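Residue-level structure breakdown
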Amino acid sequence: ANAGARSLLGLRLTGQDAPSLMEQVDWPQLEAALFEARRSRVAQVFEAARSAGDQGQLVAVAVSVPGKDGGVVIVLRDQSRLRQLESLRRDFVANVSHELKTPLAAIQGFVETMIDDPDMPDGTRARFLERMHRQVQRLATLVTDLLTLSRLDEGAAEHGEPCDVTSVAREVVRDLMSFAEQ
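Residues numbered from 1 in each chain as written. Predicted model: local features only at pLDDT ≥ 70, side-chain atom pairs only at ≥ 80, totals over all residues. Heavy atoms only, no water.

Our next topic: the overall build of the protein chain. Counting its regular elements, the protein chain contains six helices and three strands. Starting at the N terminus, the α and β elements of the protein chain follow one another as α-α-α-β-β-β-α-α-α. In terms of its C-alpha atoms, the protein chain occupies a principal-axis envelope of roughly 90 × 40 × 35 Å. In the protein chain, which comprises 182 residues, the proportion classed as buried is 20%. (Helix = DSSP H or I, 4+ residues; strand = E, 2+ residues; numbered from the N terminus. Buried < 20%, exposed > 50% of the residue type's maximum accessible area, 1.4 Å probe, protein only.)

Our focus in this paragraph is the layout of surface pockets. Of the pockets and cavities examined, the largest pocket occupies roughly 410 Å³. In this structure, the largest pocket is lined by 14 residues; those nearest its centre are Arg138, Thr141, Glu171, Val172 and Asp175. Only helix H5 (122-153) and helix H6 (165-181) provide two or more residues apiece to the lining of the largest pocket. Residue composition of the lining of the largest pocket, by class: five nonpolar, two polar and seven charged. (1 Å grid on protein atoms, 1.4 Å probe; cavity = no way out; pocket = protein on both sides within 12 Å on 5 of 7 lines; lining within 4 Å. Points joined across faces, edges and corners; volume = space filled by probe spheres on them. Nonpolar A, V, L, I, M, F, W, Y, C, P; charged D, E, K, R; others polar.)

It is worth spelling out unusual backbone geometry at this point. Positive phi is not limited to glycine here, since Arg41 has a value of about 60°. Tracing the backbone through its elements, the reader meets Arg41 in the loop between helix H3 (28-40) and strand S1 (44-52).

For H5, which comprises 32 residues, the first-to-last C-alpha distance of 46 Å matches the rise-based estimate of 46 Å (1.5 Å per residue) to within 8%. Here the buried face of H5 lies against helix H4 (80-116) and H6. (Expected span 1.5 Å × (residues − 1). Contact = heavy atoms within 4.5 Å.)

Spelled out as structure tokens, the structure:
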């Protein structure tokens, strides 16, 4: 085993007097994959979990028979970071969907109310239009933020700008006040 495999598997001992790979790695599917690869001469692939301190690792394992001598090659790839990123991406998409849905639902409610009440007083209509305008601005900000994240993901650097956190907090309170009152 090379240094990367020893590290990934947490192999403690190597050399002639070392316990076998099967004794050091508790993956029953590895023994089955070795047997099947030798028998069928077809590569076997599986994923296995390994405890690594306080966190687990997910390892992709490929077992292949390269030559006629019956030897096998085991290739390992740590999939932990990839799976973590996939999970973060799923959570991100769910959160963004929720964040987009909220202002859209508010706008839809205001529009439907205005359509259903063509004789709505001017003051009420103006208040609804102002709230709709704020929600449209919120949507525009979300879309801009998504585009910024996309550019950052592609490696394009963005320079930050000063932000007045107090005014942001005031906007959030103003936007959510009606929900708080309910």
